[in-house]
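Per-entry structural report
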Amino acid sequence: MPASRACSSHQLVSMATRRASKRGTERSTSAKRGATAKRGVKAAKGGAKTAQSGAKAAKKRPSSAKRSSSTRRPGSTGGSRSGKPSSSSNRAQASRSAPLAEYNRKRDFTRTAEPAGKVPKRVGRALHFVIQKHAASHLHYDFRLELDGVMKSWAVPKGPSLDPSVRRLAMEVEDHPISYNTFEGTIPAGEYGGGTVMLWDRGTYEAEDGGGVEALRRGYEKGDLKFVLHGERLRGSWVLVRMQRPGRPQWLLIKHRDDEADARRDITGEETTSVVTDRSMDEIASGRRVWHSNRS
Ligand code: MN
């Protein structure tokens, strides 16, 4: 089964976290801090200057040639809807041509209460985001942004920081269905992502430059996604910057400097309950929402 062949996103969290801590990617004060990460940010910043002409910027970036061998091709943005078959056997590309296929493949919906992945025909104008605190084998925060009928998803081991000098590793994982935005509960042990899931924040978001969904698509493809969150706990301007590394895309989640930035606050330390039900992780875990529909 693909589950064993594919490296699960939760394994990725632990693997990449180990790598990141070795390299010191997330230590904002360290002088050696993520040389690779810095390059990624720099490259993205260079691109940002010409953000008005996304295609031009992409051409200029030396990395775009390398990227073309992976899944991040500019111009393939609409792929999630087109269903166009791909000649490549690249797994991520395959999942792109069939929205949520990877999400569905990894889960047994007779065993988990998570929703099956479907792309709704109609999506409201306001784009939503959700952050789920997930106590899987390694605690992380799943950061999800709605785009083209799915939730683009990143696993952020340390969660978001309001300090603009802090760069939080964000590992891109498979797209999730929009219906996942209301999921809070427990994924049974042994199932993919087994553990407790808390709705940590939610709200709407938009492109920072006011360019709407086109700007968001362009930003995602370029690996320089600037957006404004209108959540209950997270607000203001943020950026996700893709790093130039082989393998599954790793990004950095960074708070931009604005009125919502605050280097003194520890938002994940302060906010430890569900933004929807006000429950703690323990209370969610003991909520008996584990669902075994067909256990014999
Ligand atoms: Mn997760």
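Keep in mind the model is a prediction, meaning the values are calculated, not measured.

**Some words on the overall build of the protein**
For the protein, the helix and strand inventory stands at eleven helices and nine strands. Per-residue burial over the protein gives 40% buried out of 296 residues. In the protein, the proportion of contacts linking residues at least 24 apart, taken out of those at least 6 apart, comes to 61%.

**Details of unusual backbone geometry**
Positioned with a positive phi, Leu 100 is a non-glycine residue whose angle comes to about 70°. Structurally, the position occupied by Leu 100 is in the loop between α7 (91-97) and α8 (101-105). Classification of Leu 100 by C-beta neighbours within 10 Å gives buried; the count is 22. If you check the backbone angles, Asp 148 has positive phi at about 55° while not being a glycine. With respect to the element layout, Asp 148 can be found in the loop between β2 (139-147) and β3 (150-156).

**Observations regarding the pairing of β2**
The buried fraction of β2 amounts to eight of the nine residues, a majority that puts the element mostly inside the structure. Here strand β1 (residues 127-135) hands over to β2 after three residues, the two strands then running antiparallel side by side. Two elements, β2 and β3, share seven bridges in a ladder whose sense is antiparallel. In the sheet register, Leu 147 faces β3, and the bridge partner there is Val 150.

**A word on helix α9 (residues 212-222)**
Buried residues dominate α9, accounting for eight of its eleven residues. For α9, the set of buried residues is Ala 215, Leu 216, Arg 217, Arg 218, Gly 219, Tyr 220, Glu 221 and Lys 222. Just beyond α9, the residue with positive phi is Gly 223, at close to 80°.

**Topic: the environment of Gly 117**
Tracing the backbone through its elements, the reader meets Gly 117 in the loop between α8 and β1. Classification of Gly 117 by C-beta neighbours within 10 Å gives buried; the count is 24. When the C-alpha positions of Gly 117 and Arg 105 are compared, they lie 9.7 Å apart, and in sequence the two are twelve residues distant.

**Describing the confidence of the model for the protein**
Within the protein, residue pLDDT values average 77, and 63% of them lie at 70 or more. Every residue in residues 20-96 scores below 50 in pLDDT, and together they form 91 contacts with partners more than four places removed in sequence or on other chains. This stretch, residues 289-296, has a pLDDT under 50; its non-local contacts, to residues over four places away or in other chains, come to ten contacts.

**Section: the pairing of strand β9 (residues 250-255)**
Buried residues dominate β9, accounting for six of its six residues. By the alternation rule, side chains of β9 split into Gln 250, Leu 252 and Ile 254 and Trp 251, Leu 253 and Lys 255, which are all buried. Of the pairings in the sheet, the one linking strand β4 (residues 167-177) to β9 comprises five bridges and is antiparallel in character. Bridge assignment links Ala 170 to a residue of β9, and that residue is Trp 251. Two strands pair when backbone bridges link them, and strand β8 (residues 235-242) and β9 are joined in this way by five bridges, in the antiparallel orientation. Within β9, the position partnered with Val 239 by the bridge is Ile 254.

Definitions and limits used
Residues numbered from 1 in each chain as written. Predicted model: local features only at pLDDT ≥ 70, side-chain atom pairs only at ≥ 80, totals over all residues. Helix = DSSP H or I, 4+ residues; strand = E, 2+ residues; numbered from the N terminus. Buried ≥ 20, exposed ≤ 12 C-beta atoms within 10 Å, placed from the backbone. Contact = placed C-beta atoms within 7 Å. Pairing = 2+ DSSP bridges. pLDDT = per-residue confidence, 0-100.

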